[in-house]
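Inside the fold
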Amino acid sequence: MPNAASLDLLTHLRELLGEAHVLTEGDLSAYEQDWRKRTRGKALAVVRPSKTQEVAEVVKACAKAGVSIVPQGGNTGLVVGGIPDDTGTQVLLSLQRMNAVRAVDTDNLTLTVEAGCVLQNLQQAAEQAGFLFPLSLGAEGSCTIGGNLATNAGGTQVLRYGNARELCLGLEVVTAQGEVMHSLSGLRKDNTGYDLRNLMIGSEGTLGIITAATMKLYPMPAVSLTAWAAVPSVACAVKLLGLAHQHLGAGLTGFEMMGQFALHLVDKHYPHLRVPLWQDTPYCVLLENSDSESEAHARERFEHLLGLAFEDGCVSDAVVAESLSQARNLWHIRESITLAQAEEGLNIKHDISVPISSIPNFVEATDALLMREIPGIRLVNFGHLGDGNLHYNVQAPEHCDTKAFLRDNEDRVNTWVYQSVKRFGGSISAEHGVGSMKVDSLPDYKDPVALALMQHIKRALDPQGLLNPGRVVR
Ligand code: FAD
Ligand code: MLT
Ligand code: ZN
């Protein structure tokens, strides 16, 4: 039951936003439950502002009442960072109504959008203007650009275009005090002091609320071709990546690796997708070659590369998509792994990176350790090999009680995987962020001086500790 101060705050918020946009009753699970359905919180209220000034007023009202705020975009985050805790005292601030494309500027190659704009809508706005916005991930139909920036999202085109941070030129942000930082200039060069934009990006709603962003546009490639290759080992996949960099140059726009069990899950749960080549090989690789000349040129380069890879023995079989719909299906298979894993049952998720050259040894050592410690464990290993980023996930042995398995094993599996990542000089979060899922592990894996500086920054920008508390740093 909210106390008197909370009731006063709710009245104030209703005055600011209108009854319809301060939700306290009914089914709020879309806002209160995380995408993986592992955690459910309870908000004091879900508020849905429609403009920057309203966000600022909400922040001021909450600061005055000493109530904390959890910003939320599409709620597709995978580290439990965008839902309220279970105290019923936090305000969940959804940016979904702030979804306008403010400007498409083809002279300066920029696109300015509100934070709640769904990534796919942003991609389409770019395409309608004849340009490419290259951020691309499986959740693009529901994640928002604000969430992408707050998590510094990666996805499948990072090896060519970079992650969300590298695609952003400017931000509009509401601070913890309810002031608006207007930095949407879109300048490509601006060395006038500390880089506050890059500080906000990846801060997961703990330093400010992103209300709009100016993003970079790129020329649309004339053609993109997709190939699917069976590789005999992880080391062969890494070898193929090297060859692809060498022979496709900047044309290499995607390089994803998928383990056999990950593809088995897609085949089992989505048989209509017809996963190719997976049965007789431990790993498959999805490659994309984008070309500014012509399809014939792209195909010739791809075939040359695959010919060399066959000769070398690092590819055992391969297909190049003959049509756009075939290429889309191959990408759809890759992007269905997360959903197929969810269909199979609860699982332990990892999003790690190590230097690309260490990936074969990391996988070999970690596979052996986990399989020795937990016989029958099923490893769902896939991800953005081109960025040294794997989703090295763990599914319970078949026919076991999944809840009991997670209760008894999740912490120790995380420790084994994270220790292995540390040994190979990697990171325990490559692209999904820290959220509340990894906040207590971070001190063991982050440089202590870097962590202390992060804590200082948090206290300086949000002295009351009201923006997404308990996430990223404590
Ligand atoms: P939310 O989940 O709503 O929020 C995420 C975090 O950002 C929270 O901490 C929240 O408080 C904060 N936040 C949200 N909006 C704002 C804002 N406007 N201002 C300040 N803070 C804010 N991620 C990848 O990096 N690469 C992938 O390839 C990828 N693939 C995915 C595939 C699937 C099927 C799914 C379900 C998820 C995937 N993700 C991936 C994870 C997720 O989609 C990204 O983290 C995405 O960037 C989150 O965006 P969102 O709008 O859903 O944010
Ligand atoms: C992906 O690459 O598909 C995503 O990051 C989602 C996941 O890790 O499951
Ligand atoms: Zn990913």
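What you are looking at is a predicted structure, and each value in this text was computed from that prediction instead of being measured.

In the structure shown here, the tally under the stated rule is four aromatic pairs. When the ring of Tyr-161 is compared with that of Tyr-218, the centres are 5.1 Å apart and the planes differ by 70 degrees; the resulting orientation is edge-to-face. Of this pair, Tyr-161 sits in helix 6 (residues 158-161) while Tyr-218 sits in strand 11 (residues 218-219), and the two are 57 residues apart along the sequence. Both residues of the pair, Tyr-161 and Tyr-218, count as buried. Judged by centre distance (5.5 Å) and plane angle (70 degrees), the ring pair of Phe-362 and Tyr-392 falls under edge-to-face. Linking Phe-362 in helix 13 (residues 359-373) with Tyr-392 in strand 19 (residues 389-395), this pair joins segments that are 30 residues apart in sequence.

Per the domain assignment, the segments making up the protein chain are domain 1 (4-94), domain 2 (101-219), domain 3 (223-338) and domain 4 (345-423). Inter-centroid distance (C-alpha atoms) of domain 2 to domain 4 is 32 Å.

Attention shifts here to the side chain of Gln-157. Tracing the chain through its elements places Gln-157 in the loop between helix 5 (145-151) and helix 6. In contact with Gln-157, other than residues within four places in its own chain, are Pro-134, Ser-136, Gly-162, Thr-253 and Glu-288.

A few words on helix 12 (residues 337-344). Among all positions of helix 12, only Ile-337, Ala-340, Gln-341 and Glu-344 are buried. One side of helix 12 carries all its buried residues, which in axial view fall inside an arc of 100 degrees. Directly beyond the C-terminal end of helix 12, a positive phi value near 135 degrees is found at Gly-345.

A word on the sheet that holds strand 3 (residues 69-72). The sheet built from four strands is open, its strands ordered 1-2-4-3 with mixed pairing. Two strands lie at the open edges of the sheet, namely strand 1 (22-23) and strand 3, each paired on one side alone. Bridge count between strand 1 and strand 2 (residues 43-47): two bridges; the pairing is antiparallel. What sits directly across from Leu-23, in strand 2, is Val-46. In the packing of helix 1 (residues 4-17) onto the sheet, contacts are made with strand 1, strand 2 and strand 4 (90-94), and the angle to strand 2 comes to roughly 5 degrees.

Attention now moves to the coordination of the zinc ion (ligand 3). For the zinc ion (ligand 3), every protein donor is listed as His-384 (NE2), His-391 (NE2) and Glu-431 (OE), and the spread of their distances is 1.9 to 2.1 Å. Written as a sequence motif, the donor residues of the zinc ion (ligand 3) are H-x6-H-x39-E. Taken together, the residues span a long stretch of sequence, with His-391 in strand 19 and Glu-431 in the loop between helix 14 (402-423) and helix 15 (442-445) at a distance of 40 residues. Just as His-391 is buried, Glu-431 falls in that class too.

Attention shifts here to the environment of Val-473. Examined against the element boundaries, Val-473 turns out to sit in the segment after helix 16 (448-461). Since its relative accessible area comes to 9%, Val-473 is described here as buried. Counting along the chain gives 217 residues from Val-473 to Glu-256, while the straight-line C-alpha distance between them is 31 Å. Other than its neighbours up to four places away in sequence, Val-473 contacts Val-439, Leu-451, Met-454, Gln-455 and Lys-458.

The next point concerns the packing of helix 1 against helix 3 (residues 52-65). Contact pair helix 1 / helix 3: the axes reach a minimum separation of 10 Å and the direction vectors enclose 170 degrees. With respect to their mutual orientation, helix 1 and helix 3 come out roughly antiparallel. Counting all contacts with helix 1, which are made through Leu-9, His-12, Leu-13, Leu-16 and Leu-17, the residues of helix 3 involved are Glu-54, Glu-57, Val-58, Ala-61, Cys-62 and Ala-65. Considering only residue class, the contact of helix 1 with helix 3 consists of eight nonpolar, one polar and two charged.

What follows covers the sheet that holds strand 6 (residues 110-114). The strand order 5-6-10-8-9 describes an open sheet built from five strands, whose pairing is antiparallel. The sheet is open, and its two edges are formed by strand 5 (101-105) and strand 9 (180-183), each paired on a single side. Here the average twist between neighbouring strands, direction ignored, is 15 degrees. In the packing of helix 3 onto the sheet, the strands contacted are strand 5, strand 8 (168-174), strand 9 and strand 10 (209-216), and the crossing angle to strand 8 comes to about 45 degrees.

Considering the arrangement of structural elements, one finds Gly-155 in the loop between helix 5 and helix 6. The class of Gly-155 is buried, set by a relative accessible area of 6%. Sequence separation between Gly-155 and Ser-136 is 19 residues; the distance between their C-alpha atoms is 5.5 Å. If sequence neighbours within four positions are ignored, Gly-155 has contacts with Ser-136, Leu-137, Glu-256, His-384, Asp-387 and Glu-431.

Surveying the vicinity of ligand 1 reveals 35 residues, the closest of which are Pro-71, Gly-73, Thr-76, Gly-77 and Thr-144. One of the backbone nitrogen or oxygen atoms of Pro-71 is found 2.6 Å away from an oxygen atom of ligand 1. Its free accessible area being 970 Å², ligand 1 has 96% of it covered by the protein chains. When contributions to the shell around ligand 1 are tallied by element, the ones reaching two or more residues are strand 3, helix 5 and strand 10. Looking at which element gives the most residues to the shell around ligand 1, the answer is helix 5, with five residues. The residue inventory of the shell around ligand 1, partitioned by class, reads twelve nonpolar, 21 polar and two charged.

For the rest of this paragraph, the subject is the site of ligand 2. Around ligand 2, a shell composed of Leu-78, Arg-334, Thr-338, Lys-349, Phe-382, His-384, His-391, Glu-431 and His-432 is seen. Between ligand 2 and His-432 there is a distance of 2.7 Å, counted from an oxygen atom to a side-chain nitrogen or oxygen. Protein coverage of the free-state accessible area of ligand 2, which is 270 Å², stands at 87%.

Let's shift gears to the packing of helix 8 (residues 234-248) against helix 13. At a minimum axis separation of 8 Å, helix 8 and helix 13 run at an interaxial angle of 165 degrees. Put simply, helix 8 runs roughly antiparallel to helix 13. Note on packing geometry: the crossing formed by helix 8 with helix 13 is right-handed. Between helix 8 and helix 13, the contacting residues are Val-234, Ala-235 and Val-238 on the first element and Ile-359, Pro-360 and Val-363 on the second. A class-by-class count of the residues in the contact of helix 8 with helix 13 yields six nonpolar, no polar and no charged.

Conventions used here
- Residues numbered from 1 in each chain as written.
- Chains lettered and ligands numbered in written order.
- Predicted model: local features only at pLDDT ≥ 70, side-chain atom pairs only at ≥ 80, totals over all residues.
- Heavy atoms only, no water.
- Phe/Tyr/Trp six-rings, centres within 6.5 Å; stacked < 30°, edge-to-face > 60°.
- Helix = DSSP H or I, 4+ residues; strand = E, 2+ residues; numbered from the N terminus.
- Buried < 20%, exposed > 50% of the residue type's maximum accessible area, 1.4 Å probe, protein only.
- Domains from an automatic or database assignment.
- Contact = heavy atoms within 4.5 Å.
- Arc of directions from axis to C-beta.
- Pairing = 2+ DSSP bridges.
- Axes fitted to C-alpha atoms, helices over the stretch in contact; angles between N-to-C directions.
- Donors = N, O, S within 2.8 Å, 3.2 Å for Na, K, Ca; no water.
- Parallel < 35°, antiparallel > 145°, perpendicular 65-115°, else oblique.
- Nonpolar A, V, L, I, M, F, W, Y, C, P; charged D, E, K, R; others polar.
- Near = heavy atom within 4 Å.
- Polar contact = N/O pair within 3.5 Å; in protein donor to acceptor, adjacent residues only side chain to side chain.
- Areas by Shrake-Rupley, 256 points an atom, 1.4 Å probe, with all protein chains shown as cover.
- Left-handed = near helix turned anticlockwise from the far one by under 90°.

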